[in-house]
Structure formats: structure tokens, C-alpha cells
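Topology and contacts: notes
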Amino acid sequence: MASLSVKPGQRFTVPDWQNNSVLISADAEQQRYNSHHIRQEGRALRNETGNQARWDEHNSRTRLNDRIKSVDRWREALARCLTDTDLEIDALSKVKEAAENALQAKNLCLDVAIECLTFRESRRDIDVVRDPVEEELLREVKVIEKTKKELQQRVDDAFKQLCLLKEARQQLSCDHRHKVETLELDRQCVSFNPTSGNISFKVNPTRIPDGTTALREWELNSQSNKERAEAEMRASVDLRGAITLSIAQTNNELDAQRIATEFALRKRIRDMEGALSELRWQEQNTLEEIAEMEEEIRQLEEDIRKRTLDLKVAHTRLETRTYRPHKDLCRDQAQYGLTDEVQQLEGTIRALQQKRTESQDALDALYRQLHRIQTDIGYKTNSLQLDNKCMDTRRKLVVPVEKFEPEVDAVNRTRNLPRNSQLELA
């Protein structure tokens, strides 16, 4: 009988086999329990962290939106304040210009008054009297100088106030520009989301940058800029009112004085006017030539001003081109052209200034010639008055005294002459 082949090795008993199965089952259940517990904890953690992340992102987005609204409110307030400041600067500039024009007009009035006094210094002999006309003219000079001083002070005050307004506007503009930039950055931050293509990790993003200010300090800075601009605008409004009042007061005062002077002058002219017919043509044509020469001088000065502006443009272009970088700083045709233009303009200005000097000399010569003509008229008027008085006296010989009426008033004989012939000199 053949023997059975037995596999060599350890042999386990049935209980061992059963125990092993039980152990494997228990271990599997324990691992499944542990895995289930970990899965539950992971799910809870995911839910908690997801909710926390979404809530934190919502809070950050809300804070950013609130911050955007706050900054935008300040931006709008600063923009309105900027607009008001610009309007006030423009209004004050116009009032300052009006004051300067009024001051310039006073120069003409002063020149007229001084010229009238200068002309009247040419009186001779007994005519050199301190009459009401001279007193009114001297008073007018004092009034004009006082009004000029007051207007000049107002112009200086307006200039200083304009500087303060522009300084306040500069701070407002800088603050407004910063607010605009901040809004752009914060709105960009609000637009970021996990699918944005320009998000990445940054180095130490939670650092506090240098120059960081507290929220209260930020708000106080904007409030201070706004309040300063508003204060300067209030001061400007008050100053504009004062300047307008000063212009009106000085004009009224000067008008009253001018009326008094003109009244005295007209009365004096009525008492002193007279001229000979053979000298009217020379006087009238001399006055016309003076007007034409004065117009020519004004045209020359206008041309000098225009050429000076052209020269400033050429200088500015040359200076600006000196900042060209590297090899671009070359002497090209434009550079030669600008250099030639500067030289040509300088020569033109010198020629115009020389011609203006010659014209002014000619104008002065015309005034001297006019003075000579008027002196001759004065001499002849005096002689004519004496002759007319003699003729009136001689008429007594043929006309009864009770019926005698002078046919010609020696004072008013030449009443048909242009009364403004003397005033035009003033």
C-alpha cells in the first residue's frame, strides 16, 4: 500500500484558524471605525474651515467695500472743494485784475493831473496865481496817490491770498489724487477671486510699510486740507468784497474830485480861453500828430511785446531741447533754426526799441512845439484883449455912454474855439 505525501511545514489547529479569522474581522472593523471617525473629523474640519474662509473673505470684501465708500465720499468732498477753490481762484483773479486795471487807470489820472499842473507852471507874470484850479489839481493829485496806495495794498493782499489759495488747492489736489489712486487699488482688491490670473504668494504680506498712518490721522489730514481750503475761500470772499468796495469808493472819490477839478478848470477856461485864427491850424494839426504819434508808440510797444513773447517761446524751446537724452542731444536743423530765430528776434527788438525811443523823442518835440504855439497864442490873446479894450473905449467917442454896449467881449471873443484844445493836453 502506497504512503500519502504530506506537505512539510507547521500545522495549525482548527481553533487557531478560527481565532485568526475572528482577529482579522475585529481588526477590519476597528480600522473601518477609525477611518470613519477620521472621515467625519475631516468633513467637519472642511466644513468649518470652508465656512470660516468664506466668512473671512466676506468680511474682508465688506470692509473693502466700506473703505471704498468712505474714501469715495472723501474723494467727492475734496473734488467739490477743489471745484469751489478753482472758482474762487478765478473770481479773485478777476477782482485782482479789476483792481490792477483801476490802479492803471489811476496812473493815467495822475499823469493828467501832473501834466495839467506842469502846463499851468508855464503861466507868466500875473497869471501865475494860486487859483481854484491849481488847488483842485493839487487836491486831486493827493486823492489819486491815496487811492493808488490803497488799491496797491489791495492788489498785494489779493496776490498773497491767491498764493494761499493755490497752496491750499495744491494740497487738496494731492490728497484728491491719492484718494483716486487708493480707490483704484481697493477696487482692484475687491475684484480679486481664487480664479484670478494675477494672484500669487507674496513675501511678508502682513508687514506694516514705512510711512503707514493711523485711520484717525488719515481722516484728520483730509479734514484739515478741506477746512484750510474752505477758510482760505472765506478769506478770499471777504477780500473780494473789500476790493470791490475799495474800487467803488476810490472811483467815487476820484470822480467827485475830478468833477470839482473840471468844474474849476472849465470856469477858469471860460475866463481865460482865447486864441487867434491864424494859429488854430497849427495847434489842431499838432494835436492830431501827437495822437498819431502816441498811437504809433503804442503800436511799437505792442510789437515789442509780441516779439518779446516770440523770443520767450524760442528761448523756452532751446532750453527744453537741452534735456534731450544721450545721442539725441545733437545740433540738428531745428537747433540751428531756433538759434537763428533768437538772434533775429533780438535784433528786431533792438530796432523796435530804438524806433520807440526816436518816436518818443519826436513826441516830446511835438509837445514842446505845441507848448510854443500855445505860448504864442497866450501872448497874442493878451495883446488882443488889450486891443479890444482899447477899441471898446474908443467907441465911447461915437456912441452915447448910456447906449454903449461892447460888441465884443475881450474874454469871450474866441468862444467858438474848441474848448477841449487845452483839455487834450491834459
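Residues numbered from 1 in each chain as written. Predicted model: local features only at pLDDT ≥ 70, side-chain atom pairs only at ≥ 80, totals over all residues. Heavy atoms only, no water.

**Some details on the overall build of the chain**
Where we set the bar: The numbering of helices and of strands both runs from the N terminus, where a helix is a DSSP run of H or I of at least 4 residues and a strand a run of E of at least 2. Exposure classes here rest on a 1.4 Å probe applied to the protein chains alone. A residue is buried below 20% of its type maximum, exposed above 50%, and partly exposed in between. Here, two residues are considered to be in contact whenever any of their heavy atoms come within 4.5 Å of each other. Using a 1.4 Å probe, accessible areas were evaluated by the Shrake-Rupley method; residue-level cover was limited to the displayed protein chains.
The helix and strand inventory of the chain stands at six helices and zero strands. Helices (α) and strands (β) of the chain occur, in sequence order from the N terminus, as α-α-α-α-α-α. Per-residue burial over the chain gives 27% buried out of 426 residues. Intrachain contacts of the chain at a sequence separation of at least 6 include 87% that bridge at least 24 residues. For the chain, the computed accessible surface area is about 29800 Å², with 54% contributed by carbon and sulfur atoms.

**Thoughts on the environment of Arg228**
With respect to the element layout, Arg228 can be found in helix H3 (residues 215–272). The class for Arg228 is partly exposed, based on a relative accessible area of 24%. Expressed as a C-alpha distance, the spacing of Arg228 and Arg169, which sit 59 residues apart in the sequence, is 9.4 Å. Setting aside anything within four residues of it in sequence, one finds Arg228 in contact with Leu164, Glu167, Ala168 and Gln171.

**Looking at the UniProt feature "coiled-coil region" (unreviewed entry) in the chain**
The criterion, for reference: UniProt positions are given in the numbering used here, feature names are shortened, and annotations may be inferred rather than shown by experiment.
Feature annotation in UniProt places "coiled-coil region" (unreviewed entry) on residues 134–161, 276–310 and 342–369, given in this structure's numbering. Helix and strand shares over residues 134–161 are 100% and 0% respectively, and the end C-alpha atoms of the span are 40 Å apart. In the segment residues 342–369, helix accounts for 100% and strand for 0%; the C-alpha atoms at its two ends are 40 Å apart.

**Points about the side chain of Ser222**
Heads up, the rule is: The definition of a polar contact used here is a pair of N or O atoms within 3.5 Å, where within protein one atom must be able to donate a hydrogen and the other to accept one, and adjacent residues in sequence count solely through side-chain atom pairs.
In this fold, Ser222 is placed in helix H3. A distance of 3.0 Å separates the side chain of Ser222 from the side chain of Asp175, its partner in a polar contact. Polar contacts involving the side chain of Ser222 include one to the side chain of Lys179, which spans 2.9 Å.

**Here we look at the environment of Gln369**
Inspection of the secondary structure puts Gln369 in helix H5 (residues 333–395). Residues Gln369 and Glu283, 86 residues apart in the sequence, show an inter-C-alpha distance of 9.2 Å.

**Observations concerning the nonpolar core**
Put simply, the rule is: We call a set of buried Ala, Val, Leu, Ile, Met, Phe, Trp, Tyr and Cys residues a nonpolar core when their side-chain atoms join them within 4.5 Å.
In this structure, Leu92, Leu172, Ile243 and Ile247 are the most contacted members of the largest nonpolar core, which totals 21 residues. Looking at this core, the elements that each hand over two or more residues are helix H1 (14–120), helix H2 (132–191) and H3. In terms of residue count, the dominant contributor to this core is H1 (nine residues).

**Side note on the environment of Leu87**
When you line up the elements, Leu87 lands in helix H1. Distance from Leu87 to Met233, taken between C-alpha atoms, is 9.6 Å for residues 146 residues apart in sequence.

**Topic: the packing of aromatic side chains**
What counts is decided by this rule: The pairing test for Phe, Tyr and Trp rings, Trp by its six-membered ring, is centres within 6.5 Å, and the orientation test on the planes gives stacked under 30 degrees, edge-to-face over 60, and tilted for anything in between. When the NZ atom of lysine or the CZ atom of arginine is within 6 Å of a ring's centre and also within 35 degrees of its normal, the charge is said to sit over that ring.
A full pass over the atoms with the stated rule returns zero aromatic pairs. Sitting over the ring of Trp218, Arg67 keeps its end group 3.8 Å from the ring centre.

**Description of unusual backbone geometry**
The backbone of Asn204 sits at a positive phi, close to 50 degrees, despite the residue not being glycine. In this structure, Asn204 sits in the loop between H2 and H3.

**Some points on the confidence of the model for the chain**
Using the following cut-off: Each residue gets a pLDDT score, which is the predictor's confidence in that residue and runs from 0 to 100.
Put simply, the chain has an average pLDDT of 79, and 78% of its residues get 70 or more. Residue range residues 386–404 is modelled with pLDDT below 50. Its contacts to residues more than four positions away, or to other chains, number 12 contacts. Taken as a whole, residues 406–426 scores under 50 in pLDDT and shows 41 contacts with residues more than four places along the chain or in a different chain.

**Some words on the pattern of salt bridges**
Let me state the cut-off plainly: Here, a salt bridge means any Lys or Arg side-chain nitrogen found within 4 Å of an Asp or Glu carboxyl oxygen.
Within the structure shown, the criterion is met by 16 salt bridges. A salt bridge links Arg298 to Glu295; its shortest N-O distance comes to 2.9 Å. A residue pair is termed a helical-turn pair when its members lie 3 or 4 positions apart in one helix, as Arg298 and Glu295 do in helix H4 (residues 280–321) at three residues. The exposure class of Arg298 is partly exposed, given its relative accessible area of 45%.

**Thoughts on the side chain of Lys96**
Counting through the fold element by element, Lys96 comes out in helix H1. Of the residues examined, Lys96 reaches a relative accessible area of 14% and is grouped as buried. If we skip the residues at most four places from it in the chain, Lys96 touches Val155, Ala158, Phe159 and Leu162.

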